[in-house]
Amino acid sequence: MVFGTALPRAFATRRLLHTSALRQATTLSAGFPRITNRLPSKYGGVFAVTLIPGDGIGQEITQSVKDIFEHVNAPIEWEQYDVSDSFRQAMDSLKRNRVGLKGILFTPIAQTGHVSWNVAMRQQLDIYASVVLCKSLPGHPTRHDNVDFVIIRENTEGEYSGLEHQSFPGVVESLKVMTRPKVERIIRFAFDFALKNNRKKVTCVHKANIMKLGDGLFLNTFRKIAEEYASSGLESNDMIVDNTSMQLVAKPRQFDVMVMPNLYGAIVSNIGAALVGGPGVVPGCNIGREYALFEPGCRHVAQDLMGQNVANPTAMILSATMMLRHLGLDHLANSIAAATMEVINEGKVRTRDIGGSAGTSEFTAAVIAKIGTGSA
């Protein structure tokens, strides 16, 4: 089922309050407010899912998911595409299947390079809500323990609108576009997400003290919508983005659900990943009215690790379990997520980024073995 926040607010809030439940031990229990009854493509009991491995370590970590899904006999039929060769075909597949799993696609910095295919997908499919889950891993201590917050990032406009031009030689204008309808829907998504997942507080991250019109629109809309949700018991506050960065490093446990424009989300998600173990352990997804695309929450290509069998597949595995829940396959999602967390917690098989020496394939085999024993 596809989720989002386009239902009339009164109906959506009433429904969500009755279905809220305590969060599970893993970060994978995220529920999304449903906005459409249109289902992903399913043929003979098998879901057709678009798979885009991406660049860098993408082939290796998506192979981990494929191996695990094969072991548990997940009812998934992959339609796999290399976007660098077949972007249009991949987009057609996503539009047909309405759900996908992807690695990160490399975007060159040079002006002669292609535009970001990651951004193009989000804009063309209008998958407007990026959800990144930052939660401390069991058995893997970091500077701060019991970190557990969610970053909700607007995906389709802001600084990523892609509207730049040179008005005069040496003078470049880059437009930041903020529109009330898109600001309102991402903020409502954040509040509905908080209700659905028994969260307690929503924080708006902004820079309205400087960008008084653009971020001012975001902040003022947030404050207005927060009043509508006050009766549900949700707390709300707002924080300037530079102070947010400092507070995340100093006192991350003060945050629960965070909602913000596009660029700030890119920065804050990297800070969040560093707090809990790095980009290899943070799952994420992108949700819209009709489509859902699941990918690691911290968007690193990791070209320096490509082909070495050393990448941590945890973020991709956990993103895939979020996808399984999205498809209503909770029993498989729970089994895979629990096995992954137990392997990390035991500490016997870990990749280098979280203090071990195991390779990608070895970690994947350990997860499969844990599922096979039924101990997870």
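Everything here concerns the structure above.
Summarised in this report is the structure supplied together with it.

What follows deals with the overall build of the protein chain. In terms of regular secondary structure, the protein chain is built from 11 helices and 13 strands. Looking at the protein chain residue by residue over its 376 residues, the buried ones come to 56%. Counted over contacts in the protein chain with a minimum sequence separation of 6, partners at least 24 positions apart contribute 76%. Element-wise, carbon and sulfur atoms account for 53% of the exposed surface of the protein chain, whose accessible area totals about 15,900 Å².

So, about the pattern of salt bridges. The full count for this structure, using the stated rule, is 16 salt bridges. Among the ionic pairs, Arg122 bridges to Glu295, the shortest N-O distance being 3.4 Å. A residue pair is termed long-range when its members are at least 10 positions apart, and Arg122 in helix α4 (residues 117–125) and Glu295 in strand β13 (residues 292–296) qualify at 173 residues. Taking relative accessible area as the criterion, Glu295 reaches 2% and is therefore assigned buried. The salt bridge partner of Glu228 is Arg188, with a shortest N-O separation of 2.9 Å. Separated by 40 residues along the polypeptide, Glu228 in helix α6 (residues 214–229) and Arg188 in helix α5 (residues 180–196) bring together distant segments of the chain. What makes Arg188 buried here is its relative accessible area of 15%. Overlapping salt bridges bring together Lys135, Asp148, Arg199 and Asp256 as one network.

This part covers the environment of Ser84. On the secondary structure map, Ser84 appears in helix α3 (residues 83–97). The partly exposed category is assigned to Ser84, whose relative accessible area is 40%.

Another aspect to go through is the packing of aromatic side chains. On inspection of all chains with the given rule, the structure shows five aromatic pairs. With 6.2 Å between their ring centres and 80° between their planes, Tyr128 and Phe189 make a pair best called edge-to-face. Residue Tyr128 is found in the loop between α4 and β5 (129–135), and its partner Phe189 is found in helix α5; the two are separated by 61 residues along the sequence. Here Tyr128 and Phe189 have matching classes, each one buried. Arranged with centres 6.4 Å apart and planes meeting at 20°, the rings of Phe189 and Phe193 form a pair that is stacked. With Phe189 and Phe193 both in helix α5, this residue pair falls four residues apart, about one helical turn. For the pair Phe189 and Phe193, a shared accessibility class is recorded, and that class is buried.

All buried positions along helix α7 (residues 241–250) are accounted for by Val241, Thr244, Gln247 and Leu248. The buried residues of α7 occupy an angular sector of 110° when projected down its axis, which confines them to one face. Residues of α7 that are buried make contact with β6 (148–154), β9 (201–206), β10 (235–240), β11 (257–260) and α8 (262–276).

Time to look at the nonpolar core. Core analysis: the biggest nonpolar cluster contains 96 residues, and Phe69, Ile76, Ile152 and Val259 have the highest contact counts within it. Looking at which element gives the most residues to this core, the answer is α5, with nine residues. Those residues within four positions of Phe69 in sequence are excluded, and the remaining contacts are Ala74, Ile76, Trp78, Ala320, Met323, Leu324 and Ile336. Counting 13 residues, the second largest nonpolar core, distinct from the first, contains Ile52, Phe87, Ala90 and Ala120.

Once that is clear, we can look at the side chain of Thr156. Within the secondary structure layout, Thr156 lies in the loop between β6 and β7 (158–168). The exposure class of Thr156 is buried, given its relative accessible area of 7%. Polar side-chain contacts of Thr156 include one of 2.7 Å to the side chain of Glu154. Apart from the residues within four sequence positions on either side, Thr156 is in contact with Arg122, Gln123, Asp126, Ile127, Tyr128, Lys182, Arg185 and Asn262.

Turning our eyes to something else, we now look at unusual backbone geometry. Of note in the backbone geometry, Asn146 takes a positive phi value of approximately 55° without being a glycine. As for its position among the elements, Asn146 is in the loop between β5 and β6. Despite not being glycine, Asn309 has its phi angle at roughly 60°, a positive value. The residue Asn309 is located in the loop between β13 and α9 (314–326) in this model. Judged by its relative accessible area of 33%, Asn309 is partly exposed.

Here we come to the pairing of strand β4 (residues 99–102). Burial along β4 is two-sided: Val99 and Leu101 and Gly100 and Lys102, pointing in opposite directions, are all buried. Examined bridge by bridge, β4 and β13 share three bridges and lie parallel to one another. Residue pairing across strands places Gly100 opposite Leu293, the latter belonging to β13.

Glancing now at the pairing of β11. Going residue by residue along β11, you find Val257 and Val259 tucked away on one face and Met258 and Met260 tucked away on the opposite face as well. Pairing of β6 with β11 involves four bridges; the strand directions are parallel. Opposite Ile151, over in β11, you have Met258 as the bridge partner. By the bridge criterion, three bridges tie β9 to β11 in an arrangement that is parallel. Following the sheet pairing, Thr203 is matched in β11 by Met258.

Calculation notes
- Residues numbered from 1 in each chain as written.
- Predicted model: local features only at pLDDT ≥ 70, side-chain atom pairs only at ≥ 80, totals over all residues.
- Heavy atoms only, no water.
- Helix = DSSP H or I, 4+ residues; strand = E, 2+ residues; numbered from the N terminus.
- Buried < 20%, exposed > 50% of the residue type's maximum accessible area, 1.4 Å probe, protein only.
- Contact = heavy atoms within 4.5 Å.
- Areas by Shrake-Rupley, 256 points an atom, 1.4 Å probe, with all protein chains shown as cover.
- Salt bridge = Lys/Arg side-chain N within 4 Å of Asp/Glu carboxyl O.
- Phe/Tyr/Trp six-rings, centres within 6.5 Å; stacked < 30°, edge-to-face > 60°.
- Arc of directions from axis to C-beta.
- Core = buried A, V, L, I, M, F, W, Y, C linked by side-chain atoms within 4.5 Å.
- Polar contact = N/O pair within 3.5 Å; in protein donor to acceptor, adjacent residues only side chain to side chain.
- Pairing = 2+ DSSP bridges.

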